[in-house]
Amino acid sequence: NLAAQAALVTEFDVNGLKVLVKRRPNSQTVAAGLFFRGGSRNLTAQNAGIESFALSVATEASQKFPREVLRRELAKTGSSISSGANYDFSVMALASTKQAFDRSWEIFTDVAINPAFSPNDVELTREKILTGLRSSEDDPDGYLQVLVEKTINAKTAYENEPSGTIENVSRFKTEDLRAYHKSAMQTSRLLLV
């Protein structure tokens, strides 16, 4: 029943950040998503892919939790931090057990607010993204799908592919990712489940 589900949701504001909490009384896990408005509406032909790239690099390490420490802490708590970008929104996500939530939340907030953007993480992530973009062009069926989407989405808000282009991803600098992340944090919303 929709009313019963709605009764489990609480909405409030924390320093300008809209927070939605949905209680799941019998669940032993907690999921959190930091959502960024817009997706492809935040993108232009010149910066398509920057949101996905910036969030992917951000989840690799933070100021307080360098890559190795982050991996060790996430493994110890059984938690995961990920990101994703699509045409309508982008997200940084946390999955944790209730038991480890306090520590996982500490890690997640530092990753979201203070990403390290180390040159090594930027280059590793760039190569992953470029490999994915190249493989979509190498597969005839995949490339046909790319062409269909470009044709359908031409001159709409969905014209710019959230994953970006090989040219864009190749030229983004660490400073570009940092600047984009800073501006994206101003349009975020938090959902805890």
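This text goes with the structure placed above it.
Residues numbered from 1 in each chain as written. Predicted model: local features only at pLDDT ≥ 70, side-chain atom pairs only at ≥ 80, totals over all residues. Heavy atoms only, no water.

1. Concerning the packing of helix α3 (residues 67-77) against helix α4 (residues 101-113)
- Look at α3 against α4: their axes get within 10 Å of each other, and the N-to-C directions meet at 150 degrees. When the interaxial angle is binned, α3 and α4 end up roughly antiparallel. Handedness of the crossing formed by α3 with α4: left-handed. Taking contact as the criterion, the partners of Leu 70, Glu 73, Leu 74 and Thr 77 in α3 are, on α4, Arg 103, Ser 104, Ile 107 and Val 111.
- Counted by class, the contact of α3 with α4 contains four nonpolar, two polar and two charged residues. (Axes fitted to C-alpha atoms, helices over the stretch in contact; angles between N-to-C directions. Helix = DSSP H or I, 4+ residues; strand = E, 2+ residues; numbered from the N terminus. Parallel < 35°, antiparallel > 145°, perpendicular 65-115°, else oblique. Left-handed = near helix turned anticlockwise from the far one by under 90°. Contact = heavy atoms within 4.5 Å. Nonpolar A, V, L, I, M, F, W, Y, C, P; charged D, E, K, R; others polar.)

2. Let's talk about α3
- Here α3 has its buried residues at Leu 70, Glu 73, Leu 74 and Thr 77. Projected onto a plane normal to the axis of α3, the buried residues spread over an arc of 100 degrees and lie on a single side. Along α3, exposed side chains directed more than 90 degrees from the buried face belong to Glu 68, Arg 72, Ala 75 and Lys 76.
- Looking at the buried side of α3, the elements it contacts are β4 (80-85), β5 (89-97) and α4.
- At the C-terminal side of α3, Gly 78 shows a positive phi close to 65 degrees. (Buried < 20%, exposed > 50% of the residue type's maximum accessible area, 1.4 Å probe, protein only. Arc of directions from axis to C-beta.)

3. Digging into the packing of helix α5 (residues 119-138) against helix α6 (residues 140-153)
- It is the contact of α5 with α6, at a shortest axis distance of 5 Å, that shows an interaxial angle of 100 degrees. As judged from the angle between their axes, α5 and α6 are roughly perpendicular. Contacts from Ser 136, Glu 137 and Asp 138 of α5 reach α6 at Pro 140, Gly 142, Tyr 143 and Val 146.
- Taken together, the residues of the contact of α5 with α6 break down into three nonpolar, two polar and two charged.

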